[in-house]
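So you can see what is in the structure, the chains are spelled out below.
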Amino acid sequence: MKRVDDFRLRLGKHELVPIMIGGMGVDISTADLALEAARLGGVGHISDAMINTVSDRRYATKHVKEKLALYKSNVLNEDKSPVKFDLGRLVEATRLHVEATMARKQGDGLVFINCMEKLTMNAPRETLKVRMSAALDAGIDGITLAAGLHLGSFGLIEDHPRFRDAKLGIIVSSVRALQLFLKKSARTGRLPDYVVVEGPLAGGHLGFGMDWAEYDLATIVAEVLHYLKTEQLDIPVIPAGGIFTGSDATGFLENGAAAVQVATRFTVAAECGLPDKVKQEYFKASEEDIEVNQISPTGYPMRMIKGSPGIGDGIRPNCEAYGYLLDANGKCAYISSYNREVAAHPHARKVSVMDKTCLCTHMRNFDIWTCGQLTWRLKDTTHRLADGSYQVPSAEHIFKDYQFSTEQRVALPEPAGA
Ligand SMILES: Cc1cc2nc3c(=O)[nH]c(=O)nc-3n(C[C@H](O)[C@H](O)[C@H](O)COP(=O)(O)O)c2cc1C
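The present account deals with the structure reproduced in this document. (Residues numbered from 1 in each chain as written. Predicted model: local features only at pLDDT ≥ 70, side-chain atom pairs only at ≥ 80, totals over all residues.)

Remarks on the overall build of the protein chain
Across its full length, the protein chain holds 13 helices and 15 strands. Computed over C-alpha atoms, the radius of gyration of the protein chain comes to 21 Å, within 12% of the 22 Å expected from 2.2 N^0.38 for 418 residues, which places it in the range of a compact globule. Dimensions of the protein chain, computed from the C-alpha atoms along their principal axes, are close to 65 × 60 × 40 Å. For the protein chain, buried positions account for 50% of its 418 residues. Considering only residue pairs separated by 6 or more positions, the protein chain has 74% of its internal contacts joining residues 24 or more positions apart. (Helix = DSSP H or I, 4+ residues; strand = E, 2+ residues; numbered from the N terminus. Rg over C-alpha atoms; globule rule 2.2 N^0.38 Å. Buried ≥ 20, exposed ≤ 12 C-beta atoms within 10 Å, placed from the backbone. Contact = placed C-beta atoms within 7 Å.)

Examining helix α8 (residues 217-230)
Between the first and last C-alpha of α8 there are 20 Å, a value that for 14 residues agrees with the 20 Å anticipated at 1.5 Å per step. Those residues of α8 that fall on the buried side of the exposure criterion are Leu217, Ile220, Val221, Val224 and Leu228. Buried residues of α8, seen end-on, are gathered within an arc of 100 degrees and therefore sit on one face of the element. Residues of α8 that are exposed and point more than 90 degrees away from the buried face comprise Thr219, His226, Lys229 and Thr230. In this structure, the buried residues of α8 make contact with α7 (175-185), β8 (194-198), β10 (237-240) and α9 (246-254). Of the residues one or two after α8, Gln232 is the one with positive phi, at around 55 degrees. (Expected span 1.5 Å × (residues − 1). Arc of directions from axis to C-beta.)

Overview of the site of the ligand
The environment of the ligand is made up of 30 residues, and the closest members are Gly22, Ala146, Gly203, Gly204 and Gly372. Within the shell around the ligand, the residues separate by chemical class into 15 nonpolar, 14 polar and 1 charged. (Near = placed C-beta within 6 Å. Nonpolar A, V, L, I, M, F, W, Y, C, P; charged D, E, K, R; others polar.)

Quick word on the environment of Leu90
Topologically, Leu90 is positioned in helix α4 (residues 87-103). For the pair Leu90 and Pro18, spaced 72 residues apart in sequence, the C-alpha to C-alpha distance is 32 Å. Aside from chain neighbours lying at most four places away, what touches Leu90 is Ile51, Asn52, Phe85, Thr127, Val130 and Arg131.

Considerations on the pairing of strand β13 (residues 302-305)
Of the two faces of β13, the one holding Met302 and Met304 and the one holding Arg303 and Ile305 are both buried throughout. Of the strand pairs in this sheet, strand β9 (residues 204-205) and β13 are connected by 2 bridges, and their pairing is antiparallel. The residue bridging Gly204 from the neighbouring strand is Arg303, located in β13. Inspection of the sheet shows strand β12 (residues 290-293) paired to β13 by 4 bridges, in the antiparallel sense. Along β13, the bridge assignment pairs Val292 with Arg303. (Pairing = 2+ DSSP bridges.)

Quick look at the pairing of β8
β8 sits mainly inside the fold: 5 of its 5 residues count as buried. Neither face of β8 is left uncovered, since the one carrying Tyr194, Val196 and Glu198 and the one carrying Val195 and Val197 both have all their residues buried. Chirality of the crossover, the property in question, places the unit of strand β7 (residues 167-172), α7 and β8 among those that are right-handed. (Right-handed = clockwise from strand over helix to strand, strands pointing away.)

Describing the packing of α4 against helix α5 (residues 124-137)
Packing of α4 against α5 leaves a shortest axis separation of 8 Å and a crossing angle of 35 degrees. When the axes of α4 and α5 are compared, the crossing they make is right-handed. Contacts between α4 and α5 pair Leu87, Leu90, Val91, Thr94, Arg95 and Val98 from the former with Glu126, Thr127, Val130, Arg131, Ala134, Ala135 and Asp137 from the latter. Split by residue class, the contact of α4 with α5 holds 7 nonpolar, 2 polar and 4 charged. (Axes fitted to C-alpha atoms, helices over the stretch in contact; angles between N-to-C directions. Left-handed = near helix turned anticlockwise from the far one by under 90°.)

This is the structure:
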């Protein structure tokens, strides 16, 4: 009987354990988590979501405070178009995070950075170009372009000296999205080094509408493999979303996938950036506690635990400090929803906003608990402790469980204190 370890992912000269831990912003997929994947011979991701905030938290910079100070006079203004990101600071924050991560890398694996293109930052092209270039300058092994795939993104870095040597991958949820991307980037003479095919059970934002339940990862992966074969394109395909056991992963590898991308199992790892209390919420969640809703201002459906404190919260938009979702015209859907509620309740001290959320503030504070559909199964992957809480496993334990397990089994960690 085959297991994941019987397969290898080939990316250029690298031969890797075919397990990729997906990017999870904001600093949920920490450097520590990504580095464990690399040490064990696979691929880990850090994320550049809200990189200035991550830099402040991890490397004692003051980007957020200083940005807020600069734009303080705009806080009560409904028009956020004057709020811009300083590209130099963006470079510095990215450089700090990537350099500090890569300096600690051990083992034969790789560390990539997840770049969500929906973080349009009131200047989509300029900021994306700077984010990608700075990560390449700082020595990242590769970039995975996600959420909102900007079809011209390869073109933004085609003059970079590392454009051909760094690994560049994309995340798509349909063969059509892949076709469009390949068509648009053909001009650069460079194919993606890998394609992550993300199905409807993934965490974070979904590349599907609210009819997500009608789609199936295995079917989409088969379509993508068929298309690439027909076009004689040799690009590794990496399925993601709902791959919960080593056997699930092996099934995809046997059917032509080059690796799998997984995330949910690692949200409760010791090295994951979620606070311990939130990890316990993930363990406790039942299937009914998980929903896909439309409160993300990005316009993409997003999966989360219904009890997330950020749902319905009516905080004043915090774009002067953050502003990562401001579109090219300085607009964010949360601002409109917030202003509508304030106008409807002029005397309320605090309003509730149900249809959208201030995603920047709440992701920063770990108050939107985005998760994969199979989060409810996490409780079966560890021990319940005497106080009713769940034992947090190490990333190494989870990684090796994927790598070596068979017959749909999930190995439990060594009991704490054993
Ligand atoms: C907590 C959480 C946060 C995520 N954040 C991101 C993100 O910032 N960018 C992204 O491209 N994908 C994100 N994802 C998707 C994962 O990278 C991954 O592709 C997917 O969740 C894999 O499915 P699984 O969680 O069922 O294993 C996130 C997933 C989770 C669970």
